[in-house]
Amino acid sequence: MASPIYLGVVGVGGVGTAFLNQIARLPNAPQLVLLARSSQTLLAPTPAYSPAIPAGDWATASAGPSLTKKGALPAEEIATYLAGVPGRAILVDNTSDLNLARAYPLFLKKGISVVTPNKKGFSDDLSLWKDIFSSATQGNALVYHESTVGAGLPVLSTLKDLVATGDEVTRIEGVFSGTLSFLFNTFAPASSSSDAQWSAVVAQAKELGYTEPDPRDDLNGMDVARKLTILARLAGLEVSRPDSFPIESLIPTELASLPSSADGISEFMSRLPEFDGQMADVKATAEKQGKVVRYVGSIDIAAQSVKVGLQYFDKDSAIAGLKGSDNIISFYTKRYGANPLIVQGAGAGSDVTAMGVLGDLVKVIQRLQ
Ligand SMILES: NC(=O)C1=CN([C@@H]2O[C@H](COP(=O)(O)OP(=O)(O)OC[C@H]3O[C@@H](n4cnc5c(N)ncnc54)[C@H](OP(=O)(O)O)[C@@H]3O)[C@@H](O)[C@H]2O)C=CC1
Ligand SMILES: N[C@@H](CC=O)C(=O)O
Ligand code: NA
């Protein structure tokens, strides 16, 4: 008989909330026994791990007496709790926390599978990447992270299939940031004119839930660099760190040293309008050449090079014509020849990202049973 599956979810922000709403509508969903945010943890009482937490109505249930409430728990304690379930356990990490990602090997060695849209663990030191996958093998657990690149778009599954079936991937290129796509498509559209100020569009992208918890992680190019690091590693390149190649930042120099705290984010957002002229100049330079500016990335496998930054594009090109938060990712391979395999669609947003996380969860459940 199949083992019952139990779920621990960390993070109930934009993606976490959309994920919980989607799983609440899933038939035969696993039992949700742990739900944590930065300062609180909700647990199904042990030893029975019952009653479970209602995914779609956890806030109401947390006010009642039947669930255990604690403050923030260290990763070790979460892992010990999940390792004790009477079945198989899966951790869904819907945070962007590097420290939690650093604990994935601990979870995996205990047999707890990991599903996450959090890029940090897969794009930080190469040693962590190796530790994650060797720990999964050791613990007979699974790791899925489709939403770390292109949100819910089938980017990693496509690349893995190309590699696993023996195709030779030579180049991967495109637009990898939903936020930067939205910013440039709105601020410098190819098919119309726009009076939008850069800072106002940045605020809009944050409001729409496209940005990282700290929008500077999008504007400094690091989010794109992390995605390219993940893709390059899956394609076989041993990229040591996401900052091991040049990354063009769109953060005004004057604001570069603000602290990475909540206050630092607020000060950055409130002072950004002072520097709208800088991005207006970039846009005007492209326009003088009859082009538009876009933020793109590329990986050349043979040359072992990764590039991240601004480029000018003809107004009738596919990249210039993207809409909303769309990503476009082209895989050049030996089998596909001169016409790349292209994946395109929304590359940010809570619902599409949560879909990628839930799709991974469904795959893990199928493989564990
Ligand atoms: N938004 C998008 O379009 C996409 C997002 N992603 C990734 O999804 C992840 C989540 O993004 P998003 O939902 O937008 O972010 P949010 O900032 O909306 O939510 C983050 C959540 O994580 C919680 N959290 C942060 N640190 C910890 C911690 N140490 N322990 C427990 N909980 C913690 C926060 O707690 P609290 O509620 O207490 O603040 C919050 O609930 C990120 O890794 C992001 O890169 C990937 C693809 C697309
Ligand atoms: N902030 C990211 C979210 C998805 O990874 C982006 O804008 O692409
Ligand atoms: Na994806």
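This text gives an overview of the structure that appears in the document. (Residues numbered from 1 in each chain as written. Chains lettered and ligands numbered in written order. Predicted model: local features only at pLDDT ≥ 70, side-chain atom pairs only at ≥ 80, totals over all residues. Heavy atoms only, no water.)

Attention shifts here to the pairing of strand S9 (residues 291-300). Of all 10 residues in S9, 7 are buried; the element is thus mostly enclosed. Relative to S9, strand S8 (residues 169-175) runs antiparallel, the two being bridged by 4 bridges. Paired with Arg-171 across the bridge in S9 is Asp-300. One ladder, built from 10 bridges, connects S9 with strand S10 (residues 305-314); its direction is antiparallel. (Buried < 20%, exposed > 50% of the residue type's maximum accessible area, 1.4 Å probe, protein only. Helix = DSSP H or I, 4+ residues; strand = E, 2+ residues; numbered from the N terminus. Pairing = 2+ DSSP bridges.)

The next thing to look at is the sheet that holds S9. The 5 strands lie next to each other as S10-S9-S8-S11-S12, forming an open sheet whose pairing is antiparallel. In this open sheet, the two edge strands, each paired with only one partner strand, are S10 and strand S12 (341-346). Sheet twist, expressed as the average angle between the axes of neighbouring strands with direction ignored, equals 20°. Sheet strands in contact with helix H12 (residues 222-234) are S8, S9 and S10, and its direction is about 35° off that of S9. (Axes fitted to C-alpha atoms, helices over the stretch in contact; angles between N-to-C directions. Contact = heavy atoms within 4.5 Å.)

On the protein side, the sodium ion (ligand 3) has Glu-146 (O), Glu-146 (OE), Val-149 (O), Ala-151 (O) and Leu-153 (O) as donor atoms, found 2.3 to 2.5 Å from it. Positions of the donor residues of the sodium ion (ligand 3), expressed as sequence spacing, correspond to E-x2-V-x1-A-x1-L. As far as the burial class goes, Glu-146 and Ala-151 line up, both buried. (Donors = N, O, S within 2.8 Å, 3.2 Å for Na, K, Ca; no water.)

Quick look at the environment of Leu-234 now. When you line up the elements, Leu-234 lands in helix H12. A relative accessible area of 19% means that Leu-234 is categorised as buried. Counting along the chain gives 209 residues from Leu-234 to Arg-25, while the straight-line C-alpha distance between them is 33 Å. Every residue in contact with Leu-234, bar those within four places of it in the chain, is listed here: Trp-129, Leu-156, Leu-159, Lys-160 and Val-163.

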